[in-house]
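In case you want the letters, here they are:
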Amino acid sequence: MANEANKKQLVRNASYLKNLMYQIILCNTIYALYRIWFLWESFSSWHIVAEVVMLLMYLLMYRFLASEASPKHAPLSQGGALLYAGRDLAEKGVMEYTWDLLYVTMFVQITTCFLSDLFFLVSFVPPTIGFYYAWTMYIYPWISKPDAPPQGMQEIAGKKQKVKNGRGR
């Protein structure tokens, strides 16, 4: 039972990707059929552009997840054993954000199909949250960090502090 954890991880990742592909196909099929069949009068070039953008988002996120989940095998001359099963698609961090983006994209696609075209505004929430995290964790601390004073200025400031406290005499 060598390498059992890697084999389980490989099967779990393949299952995640297969289910994700079914979900993507289902969402796009529902959107296309309902929009074209029932709402043909309101179907415009904007909807076509939005569908193409959604398909590109699905493609990019699916390709990212598939590349992260791709296994590494030893060469066939060495037996072709499984060396690495790929990253766990259920782990925290970037993987979790990618799944969140996928679910938001599916939600936006289905709600714009059935309820209102204004639900596309929900798709602006994840980039806004990303900008907020980037601003609070990286950008603002980087631009607001004061520069270190020159060495000579530190000595003068130290002397002034001693005189101020009465110890410099």
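Just so it is clear, the model here is predicted, and its values are computed rather than measured.

## Here we look at the packing of aromatic side chains
One pass over the structure, following the stated rule, counts 10 aromatic pairs. Seen in terms of ring centroids, Phe107 and Phe119 are 6.1 Å apart; in terms of plane orientation they differ by 85 degrees. Their pairing is edge-to-face. A residue pair is termed long-range when its members are at least 10 positions apart, and Phe107 in helix 3 (residues 94-114) and Phe119 in the loop between helix 3 and helix 4 (125-144) qualify at 12 residues. Arranged with centres 5.9 Å apart and planes meeting at 35 degrees, the rings of Trp135 and Tyr140 form a pair that is tilted. Using a relative accessible area of 34% as the deciding quantity, one classes Trp135 as partly exposed. With relative accessibility at 46%, the residue Tyr140 sits in the partly exposed group. An aromatic cluster is present here, built from Tyr16, Trp99 and Tyr103 joined pairwise through their rings.

## Describing the pattern of salt bridges
According to the stated counting rule, one finds 4 salt bridges in the structure shown. One salt bridge in this structure joins Arg87 and Glu68, with 3.1 Å as the shortest N-O distance. With Arg87 in the loop between strand 2 (82-84) and helix 3 and Glu68 in helix 2 (residues 45-68), this pair connects stretches of sequence that are 19 residues apart. Among the ionic pairs, Glu96 bridges to Lys92, the shortest N-O distance being 3.8 Å. The class for Glu96 is partly exposed, based on a relative accessible area of 31%. The exposed category is assigned to Lys92, whose relative accessible area is 65%. Connected via shared salt-bridge partners are Glu68, Arg87 and Glu91.

Cut-offs used in this document
- Residues numbered from 1 in each chain as written.
- Predicted model: local features only at pLDDT ≥ 70, side-chain atom pairs only at ≥ 80, totals over all residues.
- Heavy atoms only, no water.
- Phe/Tyr/Trp six-rings, centres within 6.5 Å; stacked < 30°, edge-to-face > 60°.
- Helix = DSSP H or I, 4+ residues; strand = E, 2+ residues; numbered from the N terminus.
- Buried < 20%, exposed > 50% of the residue type's maximum accessible area, 1.4 Å probe, protein only.
- Salt bridge = Lys/Arg side-chain N within 4 Å of Asp/Glu carboxyl O.

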